[in-house]
Amino acid sequence: VPDGAGGVGHVFTLLADVTEQRASRLALQASEERFRCIFDQAAVGLAMAAPDGRFVRVNPRFCEILDRDPADLLGRTFVEITHPDDRAATEAMAAELRTGTRARYTMEKRNLRADGTGTWVRVTASLIRDGAGAPANYLALVEDLAPQKQAEREARWAREQQAALLDALPDPTWRKDEDGRYVAANEALARTLGVS
């Protein structure tokens, strides 16, 4: 700093301890890395969407369930990839999250694969809010229900086939479980016993 006579007066130096700031920044980076690792390697589908419903992050399992590339999903809304018959319920649940009526929801619905076919999923969604309480991101955990729904269809078909076969037999026919309870019977047995 020059003195009044044109010479050099004093030099001032300001030092700040940034150790805590650096430690906080490193801790935040480590936390973000853990989140990315967990998100990307999860065995269930995970998706994050902006408040307008547009996907901003999807994990590989989510893409696999929907048979879609990440680039195909990013920028689309979760309503766009929802089966038309399930869109109204999806929008209603998302509105309840935005208004704070619900903290989270779980629902079974159909999402659309890349080829336009529907696939059953169980979605558990919540809304992450920022420090001021405004909506920041939707976070959805998505479970693939297609194998379970296929097994249910096959079991229902087997029961229907068994019932049709039993009813086609002219003699009283039945099947009991290990406790001796009837689990299947035909009309001939019902007539013989005088019951429905």
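Above this text is the structure in question.
Residues numbered from 1 in each chain as written. Predicted model: local features only at pLDDT ≥ 70, side-chain atom pairs only at ≥ 80, totals over all residues. Heavy atoms only, no water.

Right, let's talk about the overall build of the chain for a bit. Within the chain, the regular secondary structure consists of 6 helices and 7 strands. Ordered by position from the N terminus, the helices and strands of the chain form the series α-β-β-α-α-α-β-β-β-α-β-β-α. The C-alpha atoms of the chain give a radius of gyration of 31 Å, which is well past the 16 Å a tight globule of 196 residues would have. Split into buried and exposed, the 196 residues of the chain put 27% on the buried side. Put simply, of all contacts in the chain between residues at least 6 apart along the chain, 33% involve residues at least 24 apart. Taken as a whole, the chain presents about 13,000 Å² of accessible surface, with 54% of it coming from carbon and sulfur. In the chain, the 26 positive side-chain charges and the 30 negative ones have mean positions that sit 2 Å from each other. (Helix = DSSP H or I, 4+ residues; strand = E, 2+ residues; numbered from the N terminus. Rg over C-alpha atoms; globule rule 2.2 N^0.38 Å. Buried < 20%, exposed > 50% of the residue type's maximum accessible area, 1.4 Å probe, protein only. Contact = heavy atoms within 4.5 Å. Areas by Shrake-Rupley, 256 points an atom, 1.4 Å probe, with all protein chains shown as cover. Lys, Arg positive; Asp, Glu negative; His and termini not counted. Charge placed at Lys NZ, Arg CZ, Asp CG, Glu CD.)

With that settled, the discussion passes to the pattern of salt bridges. Counted according to the given criterion, the structure contains 16 salt bridges. The partner of Asp 40 in a salt bridge is Arg 57, with the nearest N and O atoms 3.4 Å apart. Here Asp 40, found in helix H1 (residues 19-41), pairs with Arg 57, found in strand S2 (residues 55-58); they are 17 residues apart in sequence, far enough to count as distant. The partly exposed category is assigned to Arg 57, whose relative accessible area is 22%. Among the ionic pairs, Arg 110 bridges to Asp 85, the shortest N-O distance being 3.9 Å. Note that Arg 110 is positioned in strand S3 (residues 104-112) and Asp 85 in the loop between helix H3 (70-73) and helix H4 (87-99), a separation of 25 residues in sequence. On the accessibility criterion, Asp 85 (58% relative accessible area) is exposed. The network of salt bridges with shared partners includes Asp 52, Arg 54, Arg 68, Asp 72, Arg 76 and Glu 80. (Salt bridge = Lys/Arg side-chain N within 4 Å of Asp/Glu carboxyl O.)

Okay, the pairing of S2 next. Consecutive side chains along a regular strand alternate between the two faces of the sheet. Taken together, the 3 bridges between strand S1 (residues 45-49) and S2 define a ladder with antiparallel strand orientation. Note on S2: the bridge partner recorded for Ala 49 is Phe 55. (Pairing = 2+ DSSP bridges.)

Attention shifts here to a nonpolar patch on the surface. There is a patch of nonpolar side chains on the surface, built from Trp 174, Tyr 182, Leu 193 and Val 195 and spanning about 420 Å² of accessible area. Topologically, Val 195 is positioned in the segment after helix H6 (187-193). Take Val 195: its relative accessible area is 49%, and that puts it in the partly exposed class. (Patch = residues over 30% accessible without salt bridge, like charges linked within 9 Å, V, L, I, M, F, W, Y side chains within 5 Å.)

To continue, consider the environment of Phe 78. Looking at the secondary structure, you find Phe 78 in the loop between H3 and H4. For Phe 78, a relative accessible area of 15% corresponds to the buried category. Along the primary structure Phe 78 and Ile 128 are separated by 50 residues, whereas in three dimensions their C-alpha atoms are 16 Å apart.

With that settled, the discussion passes to unusual backbone geometry. Here Asp 67, not a glycine, exhibits a phi torsion of approximately 50 degrees, which is positive. Checked against the element boundaries, Asp 67 lands in the loop between helix H2 (60-66) and H3.

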